[in-house]
Structures are given as structure tokens and as C-alpha cells.
2 protein chains.
Amino acid sequence: MKIMGKVISRIEKLNDISQSKKLDAFIFCSASSVKYFSGYFFYFEYGVSPFHLLPSTLMVKPGQDTSLILADNEMGQSITVFSGIKVIPYESYAYEKQPDPTSNMLSGICSFIIKNKITRAKIGIEISGFPFVIAKSLKNSFPELECIDISPEIAGLKSVKDEDEIASIRKACVLADIGQEAVLKYAKVGMTELELFSLAHRDMENAAGFRIPLMADLSSGAGTNSGGGMPSNKKIEPDDLILSDFTPCLQGYWGDSCNTIAVGRPTEIQKETFKRVKEALEIGIQTVRPSVHASEVDRLMRAHVGLYPHHGGHGVGTLYHEAPRIVSYNQELLKPGMVIALEPAAYKETYGIRLEHLVLVTDTGSETLTRFQHQFEI
Amino acid sequence: MKIMGKVISRIEKLNDISQSKKLDAFIFCSASSVKYFSGYFFYFEYGVSPFHLLPSTLMVKPGQDTSLILADNEMGQSITVFSGIKVIPYESYAYEKQPDPTSNMLSGICSFIIKNKITRAKIGIEISGFPFVIAKSLKNSFPELECIDISPEIAGLKSVKDEDEIASIRKACVLADIGQEAVLKYAKVGMTELELFSLAHRDMENAAGFRIPLMADLSSGAGTNSGGGMPSNKKIEPDDLILSDFTPCLQGYWGDSCNTIAVGRPTEIQKETFKRVKEALEIGIQTVRPSVHASEVDRLMRAHVGLYPHHGGHGVGTLYHEAPRIVSYNQELLKPGMVIALEPAAYKETYGIRLEHLVLVTDTGSETLTRFQHQFEI
């Protein structure tokens, strides 16, 4: 197990929520919040494990005890947590007897509550991913314990990144750049979308040195007109555009990026459309600065390029889509430390073009974190 | 949306559970059970979506109404469900207003309950993956509705496969075979584990024509001595063994396979160890037939090869590890239609060897579904 070198203050950020909502403790069950508050990343590409309902549950009694109740069959991996966080493994895998990971996890949670004398407390939770078995067990064991949903407050906290988070996102962006550069390098007529995808994914994983979960649109030809889709065995044809939206997850932090390229000779109209979308993205980036409304960034991009049937952008962090949303209804003001993907687009009858960069809101404006060039012709 | 051509009788299998447990209806939330009963497969490699807590919830009033409450942003994918199942989409993605997928999903669930007049019913659920928000909403709206855990009964049902399931698992096994053949074909000194993994994964995805979630151990050299681990940028060296355990998921059904190969010249002891493990696997396969205890298969493999610190095998279906477990405590009798991975192993100080096939219990014995050869020297 690897302990990060310095104490991270994200747990301390809970103090305000604790006071304003009169909470005594917190239970975090989502992979995103566990990563955010503890540093622990669970590799999620295999879906639900038969050996645990949750790989980990983070219990927080602010200023007193922060414990990660962790499935012991995840301990074999090299895991990283912030210093000051206790790791309490529970037996999850067994072969000489029936495994009972859920009961063991519940025991760990209940022990924390008893030990920290919060049996009659008010506990902050994120209701959406909260498992019924935990709620039921708490109610049975501690009938006076009350759970309060603090999802909006946690989303607000997460929307402003600290320096360590920005460093993590920068690394994820390097992988996104490698993927986009691979598309420019390898794309050619006759290969399938899947073959191109495999090369891009390989280059990203080789650079990281381990497997990288990768959300990806990679579509070519008419498939680009709906904004993308997963790679298929469709062959790339001479006049195709290729739309590649790569969203890699590096140890719990996501990057995001999109490019659209022409493998052959694009039409004048396609070139003009690409130029307009690129200008819209540039307008978005130039608009991003503290105290601008999120909606304003969205409005100005759309005003330049026309309508497209999706958001103009979104926050990125331990989730690939989080606050602040760059949409017309969002009157939130941007703040330094927010990390925002901007992705204006134009979808026509036979093709679509979307271009995306990930930008950091700085004290005076913005810094573009993804570094690849939006290049149309190869 | 694609409707499968014939009515599948898996929903009818719930009648027995309905009668024995006195249940009026069922709610299935796990991806595995939704796939099993409805045919709907959710691509899970990206983890939790910000646009739905659950992509789908399957509501069943036996003999009357089976409805899949489905996030509409999943409808864009080409989805498949069995005939007779109603698909009821709920709004999940929105950009002109705040999306509220959880409330919309809950509305869909409550509408089903009202429409089918089961507001005072007993409803079977699988408690482990059941979300607190659904339980809370049901309790608020229908205080006389009662939820009963039927996880063991559902696990029992799933352990015996019907013909369509066996056909699905056969297809997943073809992918596993392609992966194992790729290792034999491409493995060479100097390449990294990740590079080899990428080629094997590529061949599997090319054969399928779309992305394939792939749980995989791929380790080389001393890394094999603990049974595997994810591929890294470690280079394959002249005297390395390579252990490759490939568990691909093809549209909701898993395959499973493991091979261990020597890239250079194995030692006589390694050859002898490989031979023993291969014999143990053969003994396991020969032992599999109806009415044999699961524990007996485990015992005979261990008796031949010695102890190894994991199960001897496990069922495979819509989960990569399900009933029946091939372990010493499991006195369950094997039945025709069960699909079982057998994976005896030997772990030494500096290397490990594990060999695995997936077998179907037939009326008279077994059929090996994975077809690749366990070949040690290349």
C-alpha cells in the first residue's frame, strides 16, 4: 500500500458542510467521492464484482477518524491512499467457506459508528448511489441515526479543483493528447474504426504503463453525423471524416478531448464547417475566466456555430461529467480551479464535426490543459 | 431497437419462486439479472453514468406485464430485448434544463406498480444491489408494499443455462480462444505485457466487430507466481512464463480461459509442473457430470496437483463468477446446463502455472466450450 506523502486537506473541506447542515459524520459510497476524499481508486472496467457490493466505503468523523472500509481482495493491487486515512480491510474473497462480503462490510461500517460514538448522529450521504443494505443495517442497528443527502454540496466542493487534482487531470490530458495524436498518425483508408481505436488505446496504455479505462467515440463517415458512437468494424473510406472523442481515466481522474479529421480531401463546405467549430471552441476558451456565467460560455459558442443537440461542455474530475455544466440554464459563476471540457459541434446530414479541449479556469482567464492540435487535414 | 425472434421462457421460471415465496411481482436492478430476464445488455466499461443511477430496471408482474424502465440516453445504442417485454424509456439526458434521471426512473417504477395494482404486494428483489432511493420511494408511495430478498433463488435459477444462453456463452468462448491463440502467436521476448495484451484484445474485438469488455490477468516472469495481475509495461524476458487469463464479456455473457506458456526453454521442473496442472484440469473435466458434488470436482483436481490458494472453479453466465462454485464446502450436485470454469494451478516461488477451460454439464458428462489448446512451449 502506498501512502501519499502529504496530508491532503479535502477532508477539511467537509467542515463547512458539517456546520451548515449540522452533521456529525459522513459516509461515502461512490467511487468518485471515495477517490476524491481518500485517494483510493478502484479499477472499474469489469463492472460489479461478485466479491463485494462496494470495493470501499469511506467513513468520516471530521477531525477525528477517517477510515476506508476496503474489500481485502482489492488489497492485492498496489493501492494508494492519502496519509491520515486508516485502511480497514474486510474479508471479501474466500474459497474454504461461503464468502459473505456484504455482511463483513456492514460490520466494518457499524464498528466505525460505535467506536466514534455517533450512534445517534446525523450523517451526510450521497443518496443516489447509497445501497439499500447499508441504510437498512444502519436503521436496524442505530434507530436514532439519521442520514441526510448532501449530494449538491459535494458536487459543489468537487467542482473547484486543488493543485493535486489539477496535476492529476494534466496527466490524464497527456493520455488524451497521445490518443488524438495516434489518430492523426495511424488513420488511413481501408482500416477499420476498431483497428484505429486499438492503436490509439495501445499508445495511451503504453505511455501510462498500465490499462486505462477509455470512454470513446470513434466513428467515421456518416456515423459522425450523430456525434459519434463506439468504434465498429466499419472500414474507413476515402472521403470519410473521423470523429474521435477520447475520455481516458488515469487512476481516478478523467481527461477529455475530441477531434474530427478528414482522411481524404474534405469539401469546401466541410472545411468551412470545421473552421466555424474551431472558432466557436476558441471563443469558448477565450470567454472562460472567473465570474463569467457558465451559460455565457455556452451561449457564445452556439451563437457562432449554430445549434447542436447537446451541452456546450461540462466539468471534469473524478467524474467524466460533473459541475459546472456549460448549458443555457446554468447561471453559476466560474471560479478559479474549475476544469471544464468545451465541445462545440456542427452536425450536418452526412457528417458531423466536434472539437473539444479541456480548460482550467485560472485567476485571470484560462489555461488549455489538452495540448493536441485540432487539425482537419492529415 | 431489436426484438429477439422468439419468446424466451426465463420470466416463466419466476413462477415457482413467486409461488414458494408468495410474491406478487419482482424488481430487478442488477445488470446481470436485467440481462438474464430481459435480454438487455448495458455496456459497463465506463463505470457509473452521470445520466442515470441505473441504466435499466426490470419490473415483472408474472403472466401480466414485464417492463424495462430504461434511460433514454441508452436508447441511441442498438439495444436488444426479448419479445413480450415492454420498453418504457425515461428522460435521463437533458441540456436545456437540469436533468433528473433518478426522479424520472422512480416515476416509471411507481407507474408500473399503480398500473398493475400491486401497491400492497410482496415484491421479490435482490437486496445486494438494490438502491436506497428506490426502497425509500416505494416506502413513501406504497407503505403497504413489502420487499423480500430472493437473491439465493435467482442465483439458483441462473446456474442452469437454457439453450440460448449456452449459445451466447459459446460465442464468448470463441473470443477467449482467439485471445489465447493471439498470445501463442504474438508473444516474444522484448515486448511488454501491455503490448501483447493489446494485440490479443484487438484480435478479439476485430472478431466481434465492437468493443469487448475484457477482464484479464496477463503477467510474465515472477509476476505469474501470485496467479496473475493486470498487464504492465514489464518486458517479456527470455526465461519468462506468461500467464494469460482472459474473461471476455460478449453482450452480457462471459467466457473464461487461462493458459500459461514459456517463451524460451522451460526447465524440466516447469514442464513437469505444467503437465501436472494439465492433468488436474483433465481430471476435473472428466469428473464433471450430472449428480456429482461440486466439491468432488474441486477435491480431485487438488489431490492431483496440490494446494493452490483459490477456488477450483466457478459458474459463468451473466456474471463472470456465479453458482455453482467449485470449492470444498459446496455439496451442490451438478446439473445438465450448468457452465463451469475449471482452473487448477500450481504456484511456486519464481513462477506460477494456471490452466482453465470452460465446460458445459451435459446429460451424460461434459463438453468443453473453450477450444484452444493448452500448449506450454511455443
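Residues numbered from 1 in each chain as written. Chains lettered and ligands numbered in written order. Predicted model: local features only at pLDDT ≥ 70, side-chain atom pairs only at ≥ 80, totals over all residues. Heavy atoms only, no water.

*Asks:* Looking at this model, I keep getting lost on the relation of the copies chain A and chain B. Mind explaining?
*Replies:* The operation relating the two chain copies consists of a rotation about an axis and a shift along that axis. Rotating chain A by 180 degrees about the axis while translating it 0.0 Å along that axis superimposes it on chain B, leaving an RMSD of 0.0 Å. On the angle and the small slide along the axis, the relation comes out as a two-fold axis. Within chain A, the C-alpha atom positioned nearest to the axis of rotation is that of phenylalanine 132 of chain A, 1.9 Å from it. Both copies present the same face, since 100% of the interface residues in chain A are matched by interface residues at the equivalent positions in chain B. (Least-squares fit on C-alpha atoms with pLDDT ≥ 70 in both. Contact = heavy atoms within 4.5 Å.)

*Asks:* In this structure, what is going on with the packing of helix α2 (residues 31-38) of chain A against helix α5 (residues 151-159) of chain A? I would like to understand it.
*Replies:* Helix packing geometry: the angle between the two helix axes and the distance between the axes. All names here are of chain A. In contact at an axis separation of 12 Å, α2 and α5 are set at 55 degrees when each is read in the N-to-C sense. Taken together, the axes of α2 and α5 lie oblique to each other. For α2 against α5, the interelement crossing comes out left-handed. On the side of α2, the interface is formed by Ser32, Ser33, Tyr36 and Phe37, while α5 contributes Ile154, Leu157 and Lys158. In terms of residue class, the contact of α2 with α5 is built from four nonpolar, two polar and one charged. (Axes fitted to C-alpha atoms, helices over the stretch in contact; angles between N-to-C directions. Helix = DSSP H or I, 4+ residues; strand = E, 2+ residues; numbered from the N terminus. Parallel < 35°, antiparallel > 145°, perpendicular 65-115°, else oblique. Left-handed = near helix turned anticlockwise from the far one by under 90°. Nonpolar A, V, L, I, M, F, W, Y, C, P; charged D, E, K, R; others polar.)

*Asks:* Help me out: how do you make sense of the interface of chain A and chain B in this one?
*Replies:* Interface size, as often reported, equals the accessible area lost upon joining of the parts. With 59 residues of chain A in contact, the opposing surface of chain B contributes 59 residues. Surface buried jointly by chain A and chain B totals about 4,700 Å² across both partners, of which 60% is contributed by carbon and sulfur atoms. It is Tyr46, Tyr95 and Arg211 of chain A in chain A that bury the most area against chain B; as a group they hold 15% of the surface buried on that side. Scanning the region where chain A abuts chain B turns up zero salt bridges. Summed over the shared surface of chain A and chain B, the number is 10 residue pairs in polar contact (both at pLDDT 80 or more). Of all elements in the fold, only α4 (132-141), α7 (193-208) and β9 (214-220) of chain A reach the threshold of two or more residues within the side of chain A that touches chain B. In terms of residue class, the side of chain A that touches chain B is made up of 32 nonpolar, 17 polar and 10 charged. (Buried area = accessible area lost by both parts, 1.4 Å probe. Salt bridge = Lys/Arg side-chain N within 4 Å of Asp/Glu carboxyl O. Polar contact = N/O pair within 3.5 Å; in protein donor to acceptor, adjacent residues only side chain to side chain.)

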